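A structural walkthrough
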Amino acid sequence: MEINEQTRLKDILAAYPWLPEALMQIDGRFKIINNPIGKLLIRTATVGDAAKKAGYPVHQVLEELKKLIAKHEA
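An account of the accompanying structure is given in this report. (Residues numbered from 1 in each chain as written. Predicted model: local features only at pLDDT ≥ 70, side-chain atom pairs only at ≥ 80, totals over all residues. Heavy atoms only, no water.)

This part takes up the environment of G48. Within the secondary structure, G48 is located in helix α4 (residues 47-54). Owing to a relative accessible area of 10%, G48 belongs among the buried residues under this scheme. Measuring from C-alpha to C-alpha, the distance between G48 and L62 comes to 8.9 Å, with 14 residues separating the pair along the chain. Sequence-distant contacts of G48, defined by excluding residues within four places in its chain, comprise E5 and V58. (Helix = DSSP H or I, 4+ residues; strand = E, 2+ residues; numbered from the N terminus. Buried < 20%, exposed > 50% of the residue type's maximum accessible area, 1.4 Å probe, protein only. Contact = heavy atoms within 4.5 Å.)

As structure tokens, this is what we get:
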């Protein structure tokens, strides 16, 4: 799966269901993924949206996602 700024979070989480837990370990701000409001937002949110909401540059979030996925698949 190619992940970029426009990739929808719901697609990433469907492909990598373990990812929310890994993200929450990196930064507590990602705990929103597991609450009811977060689950509603995930339906339409992109990686770019999540980066902005968490206060990170998009390129940094993309790098972290790719590292986590590569580590998990190794």
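As a further point, take helix α5 (residues 58-73). The end-to-end C-alpha separation of α5 is 23 Å, in line with the 22 Å expected for 16 residues at 1.5 Å each. Close packing links the buried residues of α5 with α1 (9-15), α2 (19-26) and α4. (Expected span 1.5 Å × (residues − 1).)

The next point concerns the side chain of T46. One can find T46 in the loop between α3 (36-42) and α4. Taking the relative accessible area as the measure of exposure, T46 reaches 9% and is therefore buried. A polar contact of 3.4 Å, which involves the side chain of T46, links it to the backbone oxygen of E5. Non-local contacts of T46, meaning those with residues more than four positions away in its chain, are made with E5, Q6, T7, R8 and L9. (Polar contact = N/O pair within 3.5 Å; in protein donor to acceptor, adjacent residues only side chain to side chain.)

All right, on to the pattern of salt bridges then. Per the counting criterion, the structure on display carries one salt bridge. A salt bridge links K67 to E64, with the nearest nitrogen and oxygen atoms 3.9 Å apart. Linking K67 with E64, this pair stays in helix α5, spanning three residues, or about one helical turn. Classification of E64 as partly exposed rests on a relative accessible area of 28%. (Salt bridge = Lys/Arg side-chain N within 4 Å of Asp/Glu carboxyl O.)

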